[in-house]
Protein chains: 2
Amino acid sequence: MGKWGVLAIALALSNPAVAQRAEPVDLDMVSKIRQEAFHRSQVMDTFSHLTESIGPRLTNSPAMSQANAWTRGKFNEWGLVNVHDEAFEDFGRGWEFTSASVLMLGSGPQGDRMQPLHALPKAWTPGTNGPVEGELVQVDIKKLADLEKYKGKLRGKILLLGEAREYKRGTEPDSHRHDATSLEGLQEFTVPKNAAADKEKRVKEYTERQALAKAVNAFFVEEGALAAISISGWDNGIIRVAGGGSRKAGESAGIPELAMISEHFNPLVRALLAKQPVKLRVDVAARFTDDSNQPGYNTLAEIRGSGKADEVVMLGAHMDSWHSGTGAADNAAGVAVMMEAMRILKAVGAKPKRTIRVALWSGEEQGLIGSQAYVAKHFAQFPEPTDAGQKALPASLREPTGALVKRRDYEKFSVYFNMDNGSGRFRGIYAQENLAAMPVFEAWLKPFNDVGATTVATRNTGSTDHISFDRVGLPGFQFIQDKLDYFSNVHHSHLDTWDHAEPEDLKQAAAIVASFVYNAATREDLFPRKAQKGDGGD
Amino acid sequence: MGKWGVLAIALALSNPAVAQRAEPVDLDMVSKIRQEAFHRSQVMDTFSHLTESIGPRLTNSPAMSQANAWTRGKFNEWGLVNVHDEAFEDFGRGWEFTSASVLMLGSGPQGDRMQPLHALPKAWTPGTNGPVEGELVQVDIKKLADLEKYKGKLRGKILLLGEAREYKRGTEPDSHRHDATSLEGLQEFTVPKNAAADKEKRVKEYTERQALAKAVNAFFVEEGALAAISISGWDNGIIRVAGGGSRKAGESAGIPELAMISEHFNPLVRALLAKQPVKLRVDVAARFTDDSNQPGYNTLAEIRGSGKADEVVMLGAHMDSWHSGTGAADNAAGVAVMMEAMRILKAVGAKPKRTIRVALWSGEEQGLIGSQAYVAKHFAQFPEPTDAGQKALPASLREPTGALVKRRDYEKFSVYFNMDNGSGRFRGIYAQENLAAMPVFEAWLKPFNDVGATTVATRNTGSTDHISFDRVGLPGFQFIQDKLDYFSNVHHSHLDTWDHAEPEDLKQAAAIVASFVYNAATREDLFPRKAQKGDGGD
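Source: prediction; values computed, not measured.

Caption draft 1: Here's a closer look at the nonpolar core. In this structure, Phe47, Phe417 and Phe441 of chain B are the most contacted members of the largest nonpolar core, which totals 75 residues. When neighbours within four sequence positions are excluded, Phe47 of chain B is seen to be in contact with Ala328, Ala332, Ala333, Ala336, Trp498, Ala501 and Leu506 of chain B. Met29, Met44, Val348 and Val513 of chain A belong to the second-largest nonpolar core, a separate cluster that totals 74 residues.

Spelled out as structure tokens, the structure:
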């Protein structure tokens, strides 16, 4: 596409002489879908089972296997076909934790102040193998050279990593829903800057960070430190924590490491600055559940099409989660909605022309690993880099490696819909700069304008599994959602739990997804694709 | 005062013919106070020691004794006189806890899901004496008759008390500062309703609640239940918890009881409703620090007046706190500000005519007990009721018992200033319907208009130690403060910690208090009093 292609399309859209034929929508079927979704919903049963019976689902953990098995069972029960798990290689080891406690054993004027401190372990760091006690020392390592000054000083110690962080006062309500103004704001598209310089910086930072993390893990083990404590990413007693150590067999997993609420971490920093000795007891029951690297597993299931069964419409959400909450908004919500959409389509007796395939991804939290492997295997991939430095980078940071290698099913693929922006209501959809998609989405959203879904925005959204499709030129989309308290309370935190979700929002989302995939699976043509890098307007 | 007395005063205030002489303010001294308060502040040193070296200061706990001793030391160091603790009788036993953990040992489809649950003990409930394990059962007791259905069913069980609570979304920012509009709103006074019917209801509820709590404590012990868990008062992972059991020797302290975050409590309710067995391990290290009831102790200190030394101006704040945080906004903030005001007055060489006396109260959280006992002993009290039912009620709910009995110093008392509305900046003062106080306060606030303190409101504010003075007709006041996150995050919660306070706000408050008490101690007359019940306009 030439330099002014986008403008040309924009003009074409606003010129009735070249306007597309209106997208037909089967309102009878949409009506049935709404009835099933709103009045006979099972979305909360699914959501409840994933979050509260199974619990958090770290990739390759025993709970994630339970979730794979339970969701296959539900898909079979609902009459879906081709229900199976599909492996992606070399993810690493599983890990789980069952308890964690930190106790301040002594501080204060009499050296006898005791207090339980609230902290939870980083995933893929070892447990303590029973309680350990040690004096607390502050350690601030920003670069490899910083290791030197701690040599010989950490044996038998508990490490306080980094500095105190000043409390940030909340200036906005915790929970946010879009209004007309904020939705209107989404209609603005930011013309991108040249990202080359920024990318170089990100590659450098990523590489250095990885190297430092490995060196630090090994160093702490060598030096015989007992455990390490970092500050939680958020204030207000929230533990926001992801991974540490290493999930890879053969790499050092470091020492037990926990994230602590800022309200308990900062006082420890101040006590040490004031030369008050602090002694802690740390007890973390955590374990690697494999000795060697294992594949991860996505769960898949289908409603077979009739007429164009070899063409495929996909929907999906990642089922893996972090470990401190119960992976509710991130992303039992998305899984429950996608499963519910499939259940609804079976319940209303939908007979799509194309095959509808649902994917419950794993390894999303570690870099969209499950969806990317799936897309590479079934649809297309860029050649693997041969350079070791490039190999070590995540796909988003790699240099181009040559022309896209397309599989047989690449041309049979229609569209993919993803949900992974928390549990809030759908307010529209991001078109990922695919302008031809916009009138289609507008037509499909119309029957859901009355439940708040109205907006089709040109802009891109990233950071989740639709990107695995988008990156190889396949249409992949994510919905615009009300944020609720996703980015204030729950994202990757111990509060990512059942109670922060809204049942009505999940029902609404399931109705829209069921309708969208039905429309995509029955429309005349495959879903329009946008130009991709290297297409040159072909 | 007759029926239209208030109106008459209001008219007098607005009539220049009867306007009072302008209240003189020694701006030279106020300027010195500001310099010391703003540029050589020690308020954060005091605040830090109380919160982080000593920690929470439950009435009669060892930490509260440490605080009494440490504050006496500071007062002596600063050259105050008559530094001493003053006992108030029959408070009860001390209590402290050093650790608490709750572990979900088994739930979910395989009955093997484990998870640490976040909970902290209620004060004055016993510890578990090592870990205890038991099956969870839900218990909902709203009245005495409800006990019957649990008879013989609780032995060896852990009790889940009450129902799940639906999550409340935050619709306002966590942190709040006054603006012109909200300050203007404070100028409105609500003419009181007749409170007699309401009081009768409150007496009934109080009496029934007390009787039920005692019966339940004894019942759970008799039935052999291991521990009990209630839901925290607030959402978002905050543990808001006060007392349970009993502080009184000879009364049943019940079984170990903890408050759990709603995000962990609600799933337990749902699991039991779904007939999933849940097993918990509870381990609370808590102890009563006395065998018999002990007096509580207020700490007092003075700057002696010269000229009118037998007349007294008082300032104070309660030093006791709840136990789950470090009693920072409630109320190390108030204590640090009042202490700092005294330090400032010494530092600037203030020579007040009247004696300035600071009081650091104890027993405030259990019903203003320390300040009330002090006022009764030194200034005035209503006769003790003889009726057992009346005796059992807190002072605020008792029927009038006759004319006020005034001590010798009643007529020598000028005014009392209190701080106990969190750690936020002073924005003015509540005049407690004392209209004659208003022009005085306006004059005193004027040199602090530039740091945000501008408002004198007629309205009453309650719930803290100035009420012990107000109730016997002595002028007692509390300042208007910015709320910050007092009522969203920190009040009686485990987040009531150092980081939620603002150093600049505490400096500002100390300057204002030092100035106010200096003004009160040097002005021509004692502080104006309002009419009190039974005065009849005399």
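Picking up after the structure, the text goes on.
Caption draft 2: Examining the sheet that holds strand E16 (residues 426–430) of chain B more closely. All names here are of chain B. One open sheet accounts for 8 strands, arranged E1-E10-E12-E11-E15-E18-E16-E17; its pairing is mixed. Where the open sheet ends on each side, the last strands, each with one partner, are strand E1 (81–92) and strand E17 (455–457). The mean angle between the axes of side-by-side strands here comes to 25 degrees, regardless of whether they run parallel or antiparallel. Examined bridge by bridge, strand E11 (residues 308–318) and strand E15 (residues 413–418) share 5 bridges and lie parallel to one another. In the strand pairing of E15, Leu315 is matched with Phe417. Helix-sheet contacts for helix H4 (residues 62–77) involve E1, strand E10 (294–303) and strand E12 (354–361), and the interaxial angle to E10 is about 15 degrees. Across the sheet, helix H8 (residues 328–347) is in contact with E10, E11, E12 and E15; its angle to E11 comes to roughly 150 degrees.

Caption draft 3: Seen up close, the UniProt feature "domain: Peptidase M28" (unreviewed entry) in chain A. Per the UniProt record, "domain: Peptidase M28" (unreviewed entry) is found at residues 298–517 of chain A. Helix makes up 31% of residues 298–517 of chain A and strand makes up 22%, while its end C-alpha atoms are separated by 20 Å.

Caption draft 4: How the structure looks around the relation of the copies chain A and chain B. For the pair chain A and chain B, the relating rotation is 180 degrees, the translation along its axis is 0.0 Å, and the fit reaches an RMSD of 0.0 Å. As the rotation angle and translation indicate, the two copies are arranged about a two-fold axis. Judged by C-alpha distance, Pro173 of chain A is the residue of chain A that lies nearest the rotation axis, at 2.0 Å. A symmetric contact is evident, with 100% of the interface residues of chain A recurring at the interface of chain B.

Caption draft 5: Spotlight on the pattern of salt bridges. Under the criterion given, the structure shown has 79 salt bridges over all chains. The residue Asp90 of chain A makes a salt bridge to Lys248 of chain A at a minimum N-O spacing of 4.0 Å. Of this pair, Asp90 of chain A sits in strand E1 (residues 81–92) while Lys248 of chain A sits in the loop between strand E7 (227–231) and strand E8 (257–260), and the two are 158 residues apart along the sequence. Taking the relative accessible area as the measure of exposure, Asp90 of chain A reaches 48% and is therefore partly exposed. The partner of Lys204 of chain B in a salt bridge is Glu208 of chain B, and the shortest N-O contact between them spans 3.1 Å. On the criterion of helical spacing, the pair formed by Lys204 of chain B and Glu208 of chain B is a turn pair, its members being 4 residues apart in helix H6 (residues 196–223).

Caption draft 6: Up close: helix H9 (residues 369–378) of chain B. Residues Gly370, Ser371, Tyr374, Val375, Ala376 and His378 of chain B constitute the buried set of H9 of chain B. Those residues of H9 of chain B hidden inside the fold are in contact with E1, E10, E11, E12, strand E13 (380–381) and helix H12 (466–470) of chain B.

Caption draft 7: Inspection of the environment of Asp387 of chain B at higher detail. Mapped onto the fold, Asp387 of chain B is located in the loop between E13 and helix H10 (388–391). Taking the C-alpha atoms as reference points, Asp387 of chain B and Leu300 of chain B, 87 residues apart in sequence, are found 33 Å from one another.

Caption draft 8: Here's a closer look at the side chain of Ser515 of chain B. Residues and elements named next belong to chain B. The topology assignment puts Ser515 in helix H14 (residues 503–522). Taking the relative accessible area as the measure of exposure, Ser515 reaches 1% and is therefore buried. Discounting residues that sit within four places of it in the chain, Ser515 has contacts with Val30, Ile33 and Phe448.

Caption draft 9: Region of interest: the interface of chain A and chain B. Taken together, the contacts link 53 residues of chain A with 53 residues of chain B. Buried surface at the junction of chain A and chain B, both sides included, amounts to about 4200 Å², of which 47% is carbon and sulfur. Considering only the surface of chain A that becomes buried against chain B, Arg113, Arg169 and Asp499 of chain A emerge as the three largest contributors, covering 16% of it. Our enumeration of links across chain A and chain B arrives at 8 salt bridges. Asp499 of chain B is the salt-bridge partner of Arg270 of chain A, the closest N and O atoms lying 3.0 Å from each other. Counting every contact that joins chain A to chain B gives 31 residue pairs in polar contact (both at pLDDT 80 or more). Among the secondary structure elements, those contributing two or more residues to the side of chain A that touches chain B are helix H3 (43–54), strand E2 (95–106), strand E3 (115–117) and helix H7 (262–273) of chain A. Its residues assigned to classes, the side of chain A that touches chain B shows 17 nonpolar, 24 polar and 12 charged.

Caption draft 10: Structural view of the confidence of the model for chain A. All names here are of chain A. Within chain A, residue pLDDT values average 93, and 94% of them lie at 70 or more. Across residues 534–538 the pLDDT falls below 50, and counting only partners more than four positions away or on other chains, this stretch makes 2 contacts in the model. Scored as a complex, the prediction yields pTM 0.94 and ipTM 0.94.

What counts and how
- Residues numbered from 1 in each chain as written.
- Chains lettered and ligands numbered in written order.
- Predicted model: local features only at pLDDT ≥ 70, side-chain atom pairs only at ≥ 80, totals over all residues.
- Heavy atoms only, no water.
- Core = buried A, V, L, I, M, F, W, Y, C linked by side-chain atoms within 4.5 Å.
- Buried < 20%, exposed > 50% of the residue type's maximum accessible area, 1.4 Å probe, protein only.
- Contact = heavy atoms within 4.5 Å.
- Pairing = 2+ DSSP bridges.
- Helix = DSSP H or I, 4+ residues; strand = E, 2+ residues; numbered from the N terminus.
- Axes fitted to C-alpha atoms, helices over the stretch in contact; angles between N-to-C directions.
- UniProt positions renumbered as here; feature names shortened; annotations may be inferred.
- Least-squares fit on C-alpha atoms with pLDDT ≥ 70 in both.
- Salt bridge = Lys/Arg side-chain N within 4 Å of Asp/Glu carboxyl O.
- Buried area = accessible area lost by both parts, 1.4 Å probe.
- Polar contact = N/O pair within 3.5 Å; in protein donor to acceptor, adjacent residues only side chain to side chain.
- Nonpolar A, V, L, I, M, F, W, Y, C, P; charged D, E, K, R; others polar.
- pLDDT = per-residue confidence, 0-100.

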